[in-house]
Amino acid sequence: MDFKMNKLLKKMMVALLVFGIGQTVYAEEVPDVQKILWVAEQGYVPAQYILGVMYADGQGVRQDYAEAVKWYRKAAKQGDTRAQSNLGLMYVNGKGVRQDYAEAVRWFRKATEQGDAAAQSNLGVMYVNGKGVRQDYAEAVRWFRKATEQGDAAAQSNLGVMYVNGQGVHQDYAEAAKWFHKAAEQGSAEAQLNLGVMYANGQGMIQDYVEAAKWYRKAAEQGDAQAQYNLGVMYTDGQGVRQDYVEAVKWYRKATKQGDVKAQYNLGVMYANGQGVRQNYVQAVKWIEKAAMQGHVKAQYNVGAMYANGQGVRQNLRVAKAWLGMACNNGNRLGCDGYRRLESGY
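Here's a quick rundown of the structure. Treat the numbers as computed from the prediction; the structure is a model and nothing was measured.

1. Some remarks on the overall build of the protein chain
So, step 1. Looking only at helices and strands, the protein chain has 18 helices and two strands in total.
So, step 2. Based on the C-alpha atoms only, the size of the protein chain along its principal axes is roughly 80 × 45 × 40 Å.
So, step 3. Taking all 346 residues of the protein chain together, 53% fall into the buried category.
So, step 4. Contacts in the protein chain between residues far apart in sequence, at least 24 positions, make up 49% of those at least 6 positions apart.
So, step 5. Carbon and sulfur atoms form 45% of the exposed surface of the protein chain, whose accessible area is close to 16,100 Å².

This is the structure:
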């Protein structure tokens, strides 16, 4: 449910600044379905909301987004802010209803009128992205601030992004770091990742790779693929941690399971170099080619070179030329040189 925003780059480390948009409250315990259904049918709002959560998440019932929408709507019409906010999310994601950003905004706004912090943050995201409303960064900041006044972690993280990008506010890395830190301390994986990037880049604070690695690890342990990739880079380069290729491979592999292209490429390189794993060109080609097929330019060059040299695959100059030509077209000079050599027969 996250909208991903502008990139911060440093060497091999990449972290997307993330705008979090999320469900407000989940049922911590799964009640007896028949009992809660009976109570909900009598018009009891909390029961209607809980049924919506149960159907949305498949808690105690088969997951059914249409049923979730039905019960959220019943509770929302009676003024339940959690249901209003969650119904807005169903419209954002097109789950159980046709995707409709204007309708999502309408329900978020209803919840904000009663002071719901999650809805305030989500409405801010809609203004950032111009979904259901005209894009307006200043208005987004206004809603994020309202939510931060209630301690909402997603809003704190989102406000940090606005300060990094100078959207709706003057660019201020120190202020961004302040908000990321607040959200990170509350366990926001997005904020932990972004705070790690700020430490790695020395933006808004003194550059500190140890702190960067610490925050990447926190986000990585929550399953954030970009943090897993970044932590892998830290172990590869020995920045903020003792260099450890085995540990690097571990984190790259975790990120690849979530489809992270950069991690796929780096894992392939580790196999090619025998770093943290036994050297295996077949595995190297497998991972590098996966990244190449998703537009990773260095991967396109490297997989072309491997086909040209018969490393990990049967030599195939036609395929090699295709990959090298693709890399060249994407601005890779080595790809251009390799393509010309194959064209000239050298």
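2. Remarks on the pattern of salt bridges
So, step 1. In this structure the tally under the stated criterion is ten salt bridges.
So, step 2. In this structure, the salt-bridge partner of Glu247 is Lys250, at a minimum N-O distance of 2.9 Å. One end of the pair is Glu247 and the other is Lys250, both in helix α13 (residues 245-256) and three residues apart, which spans about a single turn.
So, step 3. The exposure class assigned to Glu247 is buried, which follows from its relative accessible area of 18%.
So, step 4. Accessibility expressed as a relative area gives 35% for Lys250, which makes it partly exposed.
So, step 5. With its nearest N and O atoms 3.4 Å apart, the salt bridge here joins Lys262 to Asp260.
So, step 6. By relative accessible area, which is 8% here, Asp260 ends up buried.

3. As for the environment of Lys131
So, step 1. As for its position among the elements, Lys131 is in the loop between α6 (117-129) and α7 (137-148).
So, step 2. Through-space distance from the C-alpha of Lys131 to that of Tyr101 is 5.6 Å; in sequence the pair is 30 residues apart.

4. Quick notes on the packing of aromatic side chains
So, step 1. Under the counting rule described, the total for this entry stands at two aromatic pairs.
So, step 2. Aromatic pair Tyr49 and Tyr72: ring centres 6.2 Å apart, planes at 35 degrees, arrangement tilted. A residue pair is termed long-range when its members are at least 10 positions apart, and Tyr49 in helix α2 (residues 45-57) and Tyr72 in helix α3 (residues 65-77) qualify at 23 residues.
So, step 3. Overall, Tyr49 belongs to the buried group, its relative accessible area being 2%.
So, step 4. Seen from their ring centres, Tyr229 and Tyr252 are 6.0 Å apart, and the 35 degrees between their planes marks the pair as tilted.

5. Re the state of the cysteines
So, step 1. Counting across every chain of the model gives one disulfide.
So, step 2. Note on cysteine connectivity: Cys328 is disulfide-linked to Cys336, with sulfurs 2.0 Å apart. Between Cys328 and Cys336, the S-S dihedral sits near 90 degrees, and the bridge is therefore right-handed.
So, step 3. When its relative accessible area of 22% is taken as the criterion, Cys328 is described as partly exposed.
So, step 4. Residue classification places Cys336 among the buried residues on the basis of a relative accessible area of 15%.

6. Comments concerning helix α11 (residues 209-221)
So, step 1. Helix length check: α11 (13 residues) gives 18 Å between terminal C-alpha atoms against 18 Å at 1.5 Å per residue, within 8%.
So, step 2. Along α11, the residues classified as buried are Glu211, Ala212, Ala213, Trp215, Tyr216, Ala219 and Ala220.
So, step 3. Capping of α11 at its N-terminal end is provided by Asp208; its side-chain oxygen lies 3.0 Å from the backbone amide nitrogen of Val210.
So, step 4. Of the residues trailing α11, Gly223 is marked for its positive phi of about 95 degrees.

7. Focus on the packing of helix α14 (residues 261-273) against helix α15 (residues 281-293)
To characterise two packed helices, one gives the angle between the axes of the helices and the distance between these axes.
So, step 1. One can describe the packing of α14 onto α15 by two numbers: an axis separation of 7 Å at closest approach and a directional angle of 160 degrees. Taken together, α14 and α15 sit at an angle that is classed as roughly antiparallel. For the element pair α14 and α15, the recorded crossing hand is left-handed. Between α14 and α15, the contacting residues are Val261, Gln264, Tyr265, Leu267, Gly268, Val269, Tyr271 and Ala272 on the first element and Tyr281, Gln283, Ala284, Trp287, Ile288, Lys290 and Ala291 on the second.

8. Some details on helix α18 (residues 333-344)
Residues spaced three or four apart along an α-helix face the same direction, because each turn holds 3.6 residues.
So, step 1. Compared with an ideal rise of 1.5 Å per residue, which puts twelve residues at 16 Å, α18 spans 17 Å between its outermost C-alpha atoms and is within 8% of the ideal.
So, step 2. Buried residues of α18: Gly335, Cys336, Gly338 and Leu342, and no others. For α18, the angular spread of the buried residues around the axis is 165 degrees, confining them to a single face. Along α18, exposed side chains directed more than 90 degrees from the buried face belong to Arg333 and Arg340.
So, step 3. If you follow the buried residues of α18, they end up packed against α16 (297-309) and α17 (317-329).
So, step 4. You can read the cap of α18 off the contacts: a side-chain oxygen lies 3.1 Å from the backbone nitrogen of Leu334, and it is on Asn332.
So, step 5. Gly345 sits one or two positions beyond α18 and adopts a positive phi of about 90 degrees.

Rules and cut-offs
- Residues numbered from 1 in each chain as written.
- Predicted model: local features only at pLDDT ≥ 70, side-chain atom pairs only at ≥ 80, totals over all residues.
- Heavy atoms only, no water.
- Helix = DSSP H or I, 4+ residues; strand = E, 2+ residues; numbered from the N terminus.
- Buried < 20%, exposed > 50% of the residue type's maximum accessible area, 1.4 Å probe, protein only.
- Contact = heavy atoms within 4.5 Å.
- Areas by Shrake-Rupley, 256 points an atom, 1.4 Å probe, with all protein chains shown as cover.
- Salt bridge = Lys/Arg side-chain N within 4 Å of Asp/Glu carboxyl O.
- Phe/Tyr/Trp six-rings, centres within 6.5 Å; stacked < 30°, edge-to-face > 60°.
- Disulfide = S-S within 2.5 Å.
- Expected span 1.5 Å × (residues − 1).
- Polar contact = N/O pair within 3.5 Å; in protein donor to acceptor, adjacent residues only side chain to side chain.
- Axes fitted to C-alpha atoms, helices over the stretch in contact; angles between N-to-C directions.
- Parallel < 35°, antiparallel > 145°, perpendicular 65-115°, else oblique.
- Left-handed = near helix turned anticlockwise from the far one by under 90°.
- Arc of directions from axis to C-beta.

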